[in-house]
Amino acid sequence: MRILGIDPGLANTGFGIIDYKAGKFCLAGYGVIETDSSQSHELRLLYLYNRLSAVIEEFKPDAAEMETLYFSRNTSSAMAVAEAKGVITLCLAQSAVPLYFYTPNQIKYAVTGTKTADKETVQNCVKMLLRLKEKPSPDHAADALAGAITCINSGDLTLTF
């Protein structure tokens, strides 16, 4: 089974692909899709769509995970992330990739055993679970990998799209 984890954002969208075979996690790839802030908003969204489509085409995930986000202060940032999430959701739907959602606390708990873990602790646990030599970086990619691990461990993957 191959899972695509996504940490959504307009400026930076992290992605991480994990294979799960015989009860073990295996890293297939990860990275960040960065959009150019000098570009128009709609071109940034189009770029995100096209790059994510290329990731889906290359890795052919069986399912995807995306973190649910909660914003209470910066509404302009929240709107940009919400639009990016919409583009990501559309891209996955057009590729017939089932999508699952988890809260930040669910992801932290699934990867570290505590809902109050900081980013460094999450990165260290992802490193350990995936048997990596170094912590995955940048944060966006590490968060996406943590989300993919959560999706695999959740038992939700029996649901249909």
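Scroll up a little and you will see the structure.
Because the structure is a prediction, the values reported are computed rather than measured. (Residues numbered from 1 in each chain as written. Predicted model: local features only at pLDDT ≥ 70, side-chain atom pairs only at ≥ 80, totals over all residues. Heavy atoms only, no water.)

The next point concerns the environment of Gln123. Mapped onto the fold, Gln123 is located in helix 4 (residues 119–129). For Gln123, a relative accessible area of 9% corresponds to the buried category. A sequence separation of 74 residues divides Gln123 from Tyr49, and the C-alpha atoms of the two residues are 26 Å apart. Non-local contacts of Gln123, meaning those with residues more than four positions away in its chain, are made with Lys135, Pro136, Ser137, Pro138, Asp139 and Ala142. (Helix = DSSP H or I, 4+ residues; strand = E, 2+ residues; numbered from the N terminus. Buried < 20%, exposed > 50% of the residue type's maximum accessible area, 1.4 Å probe, protein only. Contact = heavy atoms within 4.5 Å.)

This part takes up the pattern of salt bridges. Applying the stated criterion across every chain yields a total of four salt bridges. As a salt-bridge pair, Glu57 and Lys60 come within 3.2 Å of each other at their nearest N and O atoms. Taken as a pair, Glu57 and Lys60 share a single burial class, namely exposed. The shortest N-O distance in the salt bridge between Asp143 and Lys119 comes to 2.5 Å. With Asp143 in helix 5 (residues 139–154) and Lys119 in helix 4, this residue pair connects regions lying 24 residues apart in the sequence. (Salt bridge = Lys/Arg side-chain N within 4 Å of Asp/Glu carboxyl O.)

A separate point is the packing of aromatic side chains. Inspection of every chain in the model, using the stated rule, returns one aromatic pair. A centroid spacing of 5.3 Å and a plane angle of 50° characterise the contact between Tyr20 and Phe25, whose relative ring orientation is tilted. Taking relative accessible area as the criterion, Tyr20 reaches 31% and is therefore assigned partly exposed. Judged by its relative accessible area of 10%, Phe25 falls in the buried class. (Phe/Tyr/Trp six-rings, centres within 6.5 Å; stacked < 30°, edge-to-face > 60°.)

Moving residue by residue along a regular strand, the side chains alternate between the two faces of the sheet. The buried fraction of strand 4 (residues 63–67) is high, at five of five residues. The sheet contact formed by strand 4 and strand 5 (residues 99–102) spans four bridges and is parallel. Residue Glu65 lies in a different strand from strand 5, and its bridge partner there is Tyr100. (Pairing = 2+ DSSP bridges.)

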